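Spelled out from the first residue to the last, the chains are:
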Amino acid sequence: MPSPDERQTNGLWIVGVGPGRMDYMTGRAIDAISRADYVIGNDSYLEPLRPLLAGKQVIRSSMGKEVERARKAIELARSHVVAIISGGDAGVYGMAGIVLEVLEHSGATIPVEIVPGVTAANAGASLVGSPLSGDFAVISLSDLLTPLEVIEKRLDAVFSVGIPVVIYNPRSHGRPHNFALAVGHARKYYPATVPVAVIKNALREGQADPVITTLGEIESVIGEIDMHTTVIIGGDESRIWRMGNDVKGIITPRGYHHKYVY
């Protein structure tokens, strides 16, 4: 896909802004926003970007308006440079897929670039050691767009191979039981000793201290889990990481210990 650049008068940037703090955004993301005539996004993602928005046309939207947001961005990008904002990474449960699908059906031909960002799996993992050192999976428990029975099949598939699993959208007022359901699937394959990290607002304002527990004791913190929480369930090789007697996080070895003594 041709990318917008400083010589073009129109184009579309689909920008992943990571957890929302500017110090965790890529230089490319900041550059894309600085070049844009219009910046479009969910109000909660735009607020931390305020220093970058001076002199720009800003169109604020809300959750549930993703398709309308994509259509507006494409309409404007026919004659302007537009940045549409996505939390985390635009291609991981973000705006990229929606925008590209709408663009595909619109018949428009405009320059497009997808700018990657730090997704919640990376943000959360960085706060609790190295739980995702090798293969891992990410599953969203939101059944707004994916039927619950499909989510359950996917949970069985990833837990059955013994890899760490990152849970997005674990628990909300509208679906308070989905996380407990996921735990039940994990327990079919993993022992109670498998470590679990619970990270709320990872690298965001209001970040809480991560909680390290086990699959057998997860009920003790389930009341703390909400839509702002990322849960990392370790795999069959994951272990608690300690410094002295203090629990620091989780390590999932990559296998170096089989080759080296350290």
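Placed above this text is the structure.
Residues numbered from 1 in each chain as written. Predicted model: local features only at pLDDT ≥ 70, side-chain atom pairs only at ≥ 80, totals over all residues. Heavy atoms only, no water.

**A few points about the overall build of the protein chain**
Rules: A helix here means a DSSP run of H or I that spans at least four residues, while a strand means a run of E at least two residues long, and both kinds are numbered starting from the N terminus. Between the two quantities, the radius of gyration covers C-alpha atoms and the globule rule is 2.2 Å times the number of residues to the power 0.38. By definition, residues are in contact when any of their heavy atoms lie within 4.5 Å. Note on areas: Shrake-Rupley with a 1.4 Å probe; residue coverage comes only from the protein chains shown.
The helix and strand inventory of the protein chain stands at 7 helices and 13 strands. Its C-alpha radius of gyration of 20 Å places the protein chain within 12% of the 18 Å reference for a compact globule of 262 residues. For the C-alpha atoms alone, the extent of the protein chain along its principal axes is close to 55 × 40 × 35 Å. Counting only contacts in the protein chain whose residues sit at least 6 apart along the sequence, the fraction spanning at least 24 positions is 71%. On the protein chain, roughly 13,400 Å² of surface is accessible, and the fraction owed to carbon and sulfur atoms is 52%.

**Structural notes on the pairing of strand β4 (residues 81-86)**
What counts is decided by this rule: The classification of residues rests on relative accessible area computed with a 1.4 Å probe and restricted to protein chains. Under 20% of the type maximum is buried, over 50% is exposed, and intermediate values are partly exposed.
For β4, a buried count of 6 out of 6 residues is recorded, marking the element as mostly surrounded by other parts of the structure. Here β4 shows no split at all, with Val81, Ala83 and Ile85 on one side and Val82, Ile84 and Ser86 on the other all buried.

**Here we look at the nonpolar core**
What counts, and what does not: To form a nonpolar core, buried Ala, Val, Leu, Ile, Met, Phe, Trp, Tyr and Cys residues must be joined to one another through side-chain atoms within 4.5 Å.
Formed by 24 residues in total, the largest nonpolar core has its most connected members in Ile139, Leu141, Leu155, Ile167, Phe179 and Ile233. Of all the secondary structure elements, the ones that give two or more residues to this core are β7 (137-140), α6 (148-159), β8 (165-168), α7 (178-187), β9 (195-200) and β11 (229-233). When sequence neighbours within four positions are dropped, the list of residues in contact with Phe179 reads Leu141, Ile167, Pro170, Arg171, Ile218, Ile222, Ile225 and Val231. Core analysis: the next-biggest nonpolar cluster, separate from the first, contains 20 residues, Ile40, Leu76, Leu103 and Ala108 among them.

**Thoughts on the side chain of Thr252**
The criterion, for reference: Polar contact criterion, stated in full: a pair of N or O atoms within 3.5 Å, where within protein one must be able to donate a hydrogen and the other to accept it, and residues adjacent in sequence count only if both atoms are side-chain atoms.
Looking at the secondary structure, you find Thr252 in the segment after β13 (246-251). The exposure class of Thr252 is buried, given its relative accessible area of 9%. Among the polar contacts made by the side chain of Thr252, one reaches the main-chain carbonyl oxygen of Pro131 at a distance of 2.7 Å. Setting aside anything within four residues of it in sequence, one finds Thr252 in contact with Ser130, Pro131, Ser133, Pro164 and Ser238.

**Points about unusual backbone geometry**
Most peptide bonds are trans, and most residues other than glycine sit at a negative phi. Residues other than glycine seldom take positive phi values, yet Tyr93 does so here, at roughly 55°. By the secondary structure assignment, Tyr93 is in the loop between β4 and α4 (96-106). The phi dihedral of Asn201 falls on the positive side, at around 55°, and the residue is not glycine. Here Asn201 lies in the loop between β9 and β10 (211-214).

**So, the packing of aromatic side chains**
The condition is simple: Only rings of Phe, Tyr and Trp enter the pairing, Trp through its six-membered ring, and a pair is recorded when the two centres are within 6.5 Å. The plane angle decides the type: under 30 degrees is stacked, over 60 is edge-to-face, the rest tilted.
Per the stated rule, a full pass over the model turns up 2 aromatic pairs. Relative to Tyr168, the ring of Tyr93 has its centre 5.3 Å away and its plane inclined at 55°; by these criteria the two rings are tilted. In this pair, Tyr93 is assigned in the loop between β4 and α4 and Tyr168 in strand β8, connecting sequence segments 75 residues apart. Note on Phe159 and Tyr190: the rings are 5.4 Å apart at their centroids and 85° apart in plane angle, and the pair reads as edge-to-face. With Phe159 in helix α6 and Tyr190 in the loop between α7 and β9, this pair connects stretches of sequence that are 31 residues apart.

**Notes on α4**
The condition that has to hold: What the arc describes is the spread of directions from the helix axis to the C-beta atoms.
Along α4, the residues that are buried comprise Ala96, Val99, Val102 and Leu103. With its buried residues spanning 140° around the axis, α4 presents them on a single face. α4 presents Glu101, Glu104 and His105 as exposed residues on the side facing more than 90 degrees away from its buried surface. Of the residues flanking the end of α4, it is Gly107, one or two places downstream, whose phi is positive at about 80°.

**Observations concerning the sheet that holds strand β6 (residues 129-130)**
Counted only if it meets this: Whether two strands pair comes down to DSSP finding at least two bridges between them.
Strands sit in the order β6-β13-β12 across an open sheet of 3 strands; the sheet is mixed. For this open sheet the edge positions go to β6 and β12 (239-243), each flanked by a neighbour on one side alone. Summarising the sheet, β12 and β13 pair through 5 bridges and their orientation is antiparallel. Looking at the pairing, Met243 lines up with Asp246 of β13.

**Side note on the sheet that holds β8**
Note the cut-off: Helix axes are fitted only over the stretch in contact, all axes being lines through C-alpha atoms; the angle between N-to-C directions runs from 0 to 180 degrees.
Pairing is mixed in the open sheet, where 5 strands are placed in the order β7-β8-β11-β9-β10. Edge strands, defined here as strands with exactly one partner in the open sheet, are β7 and β10. Strand-to-strand twist across the sheet, computed as the mean angle between neighbouring axes with direction ignored, equals 20°. Where β8 meets β11, 3 bridges bridge the pair, whose relative direction is antiparallel.

Keep in mind these values describe shape, not function.
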